[in-house]
Amino acid sequence: MGCCSSTESKRDWEPLEERSCTDIPWLIIFMLFCAGMVSICIFPIATGAASRLLSGYDSYGNTCGKNNTKIEGVPLSGRDMRENKYVFFLDPCNLDLINRKIKSISLCVSKCPSTELKTLSDLKQFALNNGSKLCSYDISPSRYPSYPDKCPKLPVPPSKSIPVLHRCVPVDISCYAEFAQAFITFVGDNSVLRRVTAGVMASKEIIMGLCVLALVLSLIMMVVIRYISKVLVWILTILVIIGSIGGTAVLWWLYADHRKALDNNALSVFGKEVASDNVKALLVYAIVATVFTVVLLLVMFFMRKRVALTISLFHVAGKVFIHLPLLALQPFWTFMCLMLFWIYWITVLLSLGTSGTPVKNNSTGVVEYQMQGPLQYLVWYHAVGLIWISEFILAFQQMTIAGAVVTYYFTRNKSKLPVTPILSSMARTVRYHLGTLAKGSFIITLVKIPRLILMYIHSQLKGKENACARCMLKACVCCLWCLEKCLTYLNQNAYTATAINSTSFCTSARDAFMILVENALRVAAINTVGDFVLFLGKVLVVSCTAFAGVLALNYQRDYTVWVLPLLIVCLFAFLVAHCFLSVFENVVDVLFLCFAVDTKYNDGSPGREYYMDKALMEYVENSKKMSWYKSGDGDGREMKSMARGGTSA
């Protein structure tokens, strides 16, 4: 179970040759943890908390729609509410925004008021006609006018019952005027919200069409990146170089111009001070820009050969999507799984909020359910489960993609690929590698939980702590964020190594780390040039969608405000492009690790043939030729360079 438990000093990679279960102890731990999550779900059901959440309960501990038992010290508890199935709040606008709850007294009623009730006589008539008593239980309808303090706040707005949660919810937003007066005044005076909302509703067909356009553009972008990746990468590289050199030159020109104006002594004393400060600032900016440009040019010079590998990997990644088109759908399945889990998690969390022992608040007389003793830690356990299981679902997607791409790469005859490579990868992951996913996702959880706690502390103490403490908190959060990103990248490569060799998480992470270190410059090229290209692809999809949206909405002269529809479309376009191109990025990373393993253990000789695609083969052959020309002769150094399979390139 430890990360240093492997005793092997050196082991060759054997792609897809045999499979075995990995990290079984961690799978057992994860299953026990999930059993605990299920127990937390069963606990509110067994104690009646889930029933209270769904049916609702009043301020005296009575569950609506059920025959209740008496609570000691609460006179109005223990009532038969089988005929009263809805929760009614005497003052629904009395909200506690800090604790996120309604402070009003709640009652169980048989019917929610469908019309506005303006007087106590209206309340009395409503109770007599419908049998629904909206005042306190200990007052008969005939005595309503004598006890206004035990009746709802007048006027009572019309309300609608929620079919599932059985609460009476006011349908008129003016009910919340006490805490939203400024907002309502803004809407009433300027009608901006009304016009924006009307624009969204009226242009819903255009919004749907633009969303489809964003989906099509994302697919086209993946094809474009594959077929013109060489031209695209070199254009972007040249633009970056020209931009950095041009920016540095402009800064030095501005510095010289301001320095010349300062030396002319044609300025006032105050003007000379300002000009002197500007000259110093421009000098600092110019020096920093020069250093940055020199470093950038050196990096580009030493990485110029590695850019060709990035281009080749992009080309092969496009072929992978041709053979495995369902890879593009992986983010959607993952999103659906996450949404279902999050809905389940929120439901259980709400149920835990109504769990525990009924406790009477002596100041208000209201009954509240509180978990006491060890049970109060169930919420923390539930919170850890949110992070760990969410990370596990994301890791499952990464392992599925890695398994499918690894199968594609290390299958020499592509016609012998499995009929459903994605499903085969999923089945292989479920059968052999769930323990590895559990361990990898738990490591991310261990880093993410302290970061979230520090972020929460920082938000709660904002404005109270001194500047030093604030900086220390921010520094800790940033360090943990960087560590989390590094571990996420290492985990992804560890999953790829597991998909190749069927080794445990720690062994795979160690092997993947060694491969990445040996190919550090290549990794840097792929993660800089490749990620930059994909980011620009996302920006291009959003820009084209926004441009089409401006043209389409501009012809709708009746809509004076269409900023919100355009923002909705742009957000959707970015999310769609991110889903597609992030999968493309994952495929490129998996292909690179496969390529590095291939070139390390094979040299193209009989019995050690390469697995790689033709595009990558051309890159290796070009690397061999360059190594041969550098050797200067045809002696054993040429054979040594060829045997390395281009790893020095």
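Parameters at a glance
Residues numbered from 1 in each chain as written. Predicted model: local features only at pLDDT ≥ 70, side-chain atom pairs only at ≥ 80, totals over all residues. Heavy atoms only, no water. Helix = DSSP H or I, 4+ residues; strand = E, 2+ residues; numbered from the N terminus. Buried < 20%, exposed > 50% of the residue type's maximum accessible area, 1.4 Å probe, protein only. Contact = heavy atoms within 4.5 Å. Areas by Shrake-Rupley, 256 points an atom, 1.4 Å probe, with all protein chains shown as cover. Patch = residues over 30% accessible without salt bridge, like charges linked within 9 Å, V, L, I, M, F, W, Y side chains within 5 Å. Salt bridge = Lys/Arg side-chain N within 4 Å of Asp/Glu carboxyl O. pLDDT = per-residue confidence, 0-100. Expected span 1.5 Å × (residues − 1). Disulfide = S-S within 2.5 Å. Pairing = 2+ DSSP bridges. Axes fitted to C-alpha atoms, helices over the stretch in contact; angles between N-to-C directions. Parallel < 35°, antiparallel > 145°, perpendicular 65-115°, else oblique. Left-handed = near helix turned anticlockwise from the far one by under 90°. Nonpolar A, V, L, I, M, F, W, Y, C, P; charged D, E, K, R; others polar. Core = buried A, V, L, I, M, F, W, Y, C linked by side-chain atoms within 4.5 Å. Phe/Tyr/Trp six-rings, centres within 6.5 Å; stacked < 30°, edge-to-face > 60°. Arc of directions from axis to C-beta.

> Pulling in residues and values, what's your account of the overall build of the protein chain?
When its secondary structure is counted, the protein chain shows 19 helices and eight strands. Counting the 649 residues in the protein chain, one finds 43% classified as buried. Within the protein chain, contacts between residues at least 6 apart in sequence are counted, and of these 70% link residues at least 24 apart. Total accessible area computed for the protein chain in this model is approximately 34,700 Å², and 67% of it derives from carbon and sulfur atoms.

> I'd like a description of a nonpolar patch on the surface, backed by residues and values.
A surface patch of nonpolar side chains, about 1,000 Å² in accessible area, is lined by L215, L219, L326, L329, F332, W333, F335, M336, M339, W342 and I343. Going through the elements one at a time, α6 (204–227) and α10 (330–353) are the ones with two or more residues in the nonpolar patch. In terms of residue count, the dominant contributor to the nonpolar patch is α10 (seven residues).

> Go over the confidence of the model for the protein chain, please, and point to the residues and values.
Mean pLDDT over the protein chain works out to 77, with 78% of the residues at or above the 70 mark. A low-confidence stretch, residues 1–10 (pLDDT under 50), is modelled with eleven contacts involving residues beyond four sequence positions or located in other chains. Counted against residues more than four places away or in other chains, residues 557–561, with its pLDDT under 50, gives six contacts.

> Summarise α10; cite the residues concerned and give the values.
Side chains of residues three or four places apart in an α-helix project in the same direction, reflecting 3.6 residues per turn. Taking 1.5 Å per residue, 24 residues should reach 34 Å; α10 reaches 35 Å between its end C-alpha atoms and fits that length. Among all positions of α10, only Q330, P331, T334, L338, F341, W345, V348, S351 and L352 are buried.

> Mind laying out the pattern of salt bridges, listing which residues take part and the relevant values?
Taken as a whole and assessed by the stated rule, the structure comprises seven salt bridges. D138 is the salt-bridge partner of K150, the closest N and O atoms lying 3.3 Å from each other. Here K150 is found in the loop between α3 (120–130) and β5 (159–161), whereas its partner D138 is found in the loop between α3 and β5, with twelve residues between them in sequence. Note on K150: relative accessible area 32%, which makes it partly exposed. The network of salt bridges with common partners includes E391, K448, R451 and E484.

> Which residues make up the state of the cysteines, and what are the values?
One pass over the full model with this rule turns up three disulfides. In this model C135 forms its disulfide with C151; the gap between the sulfur atoms is 2.0 Å. Of note, the bridge from C135 to C151 carries an S-S torsion of about 110° and is right-handed in sense. Residue C135 is located in the loop between α3 and β5, and its partner C151 is located in the loop between α3 and β5; the two are separated by 16 residues in the primary sequence.

> Go over the pairing of strand β4 (residues 106–109) with me, naming the residues and quoting the values.
Burial along β4 is two-sided: S106 and C108 and L107 and V109, pointing in opposite directions, are all buried. Summarising the sheet, strand β1 (residues 86–89) and β4 pair through four bridges and their orientation is antiparallel. Residue pairing in the sheet places V87 in a bridge with C108 of β4.

> Requested: an account of the packing of helix α11 (residues 378–409) against helix α12 (residues 421–432), with residues and values cited.
One way to put it is that α11 packs onto α12 with a least axis distance of 8 Å and a crossing angle of 120°. Relative to α12, the element α11 is oriented oblique. Judged by the twist between their axes, the crossing of α11 over α12 is right-handed. Across the interface between the two elements, F396, M399, T400, G403, A404 and T407 from α11 touch P421, I422, S425, M426, R428, T429 and V430 from α12. Taken together, the residues of the contact of α11 with α12 break down into seven nonpolar, five polar and one charged.

> Describe the nonpolar core, and please don't skip the residues or the numbers.
Core analysis: the largest hydrophobic core is formed by 78 residues, its most contacted members being V320, L327, F584, V587 and L591. Setting aside its immediate chain neighbours within four residues, V587 contacts A317, V320, F321, L327, I401 and V405. Within the second largest apolar cluster, 29 residues are counted, among which are V74, L90, V109 and Y369.

> Quick one: what's the story with the side chain of T248, residue by residue and with numbers?
With respect to the helices, strands and loops of the structure, T248 is situated in helix α7 (residues 229–263). Setting aside chain neighbours within four positions, we find T248 in contact with A286, A289, T290 and T293.

> Now, about the packing of aromatic side chains: what can you tell me, with residues and values included?
Each aromatic ring pair is summarised here by two numbers: the centre-to-centre distance and the angle between the ring planes. Applying the stated criterion to the full structure yields 14 aromatic pairs. Here F332 and F580 contribute two aromatic rings whose centre-to-centre distance is 6.2 Å and whose plane-to-plane angle is 70°, an arrangement assigned as edge-to-face. Of the two residues, F332 is situated in helix α10 and F580 in helix α17 (residues 563–601); the sequence distance between them amounts to 248 residues. With a centroid separation of 5.0 Å and an interplanar angle of 70°, the aromatic rings of Y409 and F410 are classed as edge-to-face. Both residues of the pair, Y409 and F410, belong to the buried class. One aromatic cluster in this structure is built from W26, F30, F33, Y381, W388, F392 and F442.

> Tell me about the side chain of S106, residues and numbers included.
For S106, the location among the structural elements is in strand β4. You can call S106 buried: its relative accessible area is 6%. Those residues within four positions of S106 in sequence are excluded, and the remaining contacts are Y57, D58, S59, V87, F88 and F89.

> Tell me what's going on with α3, and back it up with residues and numbers.
All of the buried residues in α3 are L120, L123, F126 and A127. With its buried residues spanning 120° around the axis, α3 presents them on a single face. Those residues of α3 that are exposed and aimed more than 90 degrees away from the buried face are L128 and N129. G131 occupies a position one or two residues after α3 and carries a positive phi of about 70°.

> Account for unusual backbone geometry, with residues named and values stated.
With an omega dihedral of -5°, the bond running from L154 to P155 counts as a cis peptide bond. Turning to its location among the elements, P155 is positioned in the loop between α3 and β5. We note that D23 has phi near 55°; this positive angle belongs to a residue other than glycine. Tracing the backbone shows D23 in the segment before α1 (24–46).

> Give a detailed account of the packing of α1 against α11, specifying residues and quantitative values.
Packed helix pairs are characterised by how far apart their axes lie and by the angle those axes make with each other. Between α1 and α11, the shortest axis-to-axis distance is 10 Å and the interhelical angle comes to 130°. Considering their axes alone, α1 and α11 lie oblique with respect to each other. Crossing of α1 over α11 shows left-handed handedness. Where α1 abuts α11, its residues I29, F30, L32, F33, C34, G36, M37, I40 and F43 lie against L378, Y381, H382, V384, G385, W388, I389 and F392. A per-class count over the contact of α1 with α11 returns 14 nonpolar, three polar and no charged.

> I'd like a description of the environment of A261, backed by residues and values.
Within the fold, A261 resides in helix α7. A relative accessible area of 39% means that A261 is categorised as partly exposed. For the pair A261 and V279, spaced 18 residues apart in sequence, the C-alpha to C-alpha distance is 9.8 Å.

> Before we move on, can you summarise the environment of V231 with the specific residues and values?
Relative to the elements of secondary structure, V231 occurs in helix α7. Once the C-alpha coordinates of V231 and I311 are considered, the two residues, 80 residues apart in sequence, prove to be 9.1 Å apart.

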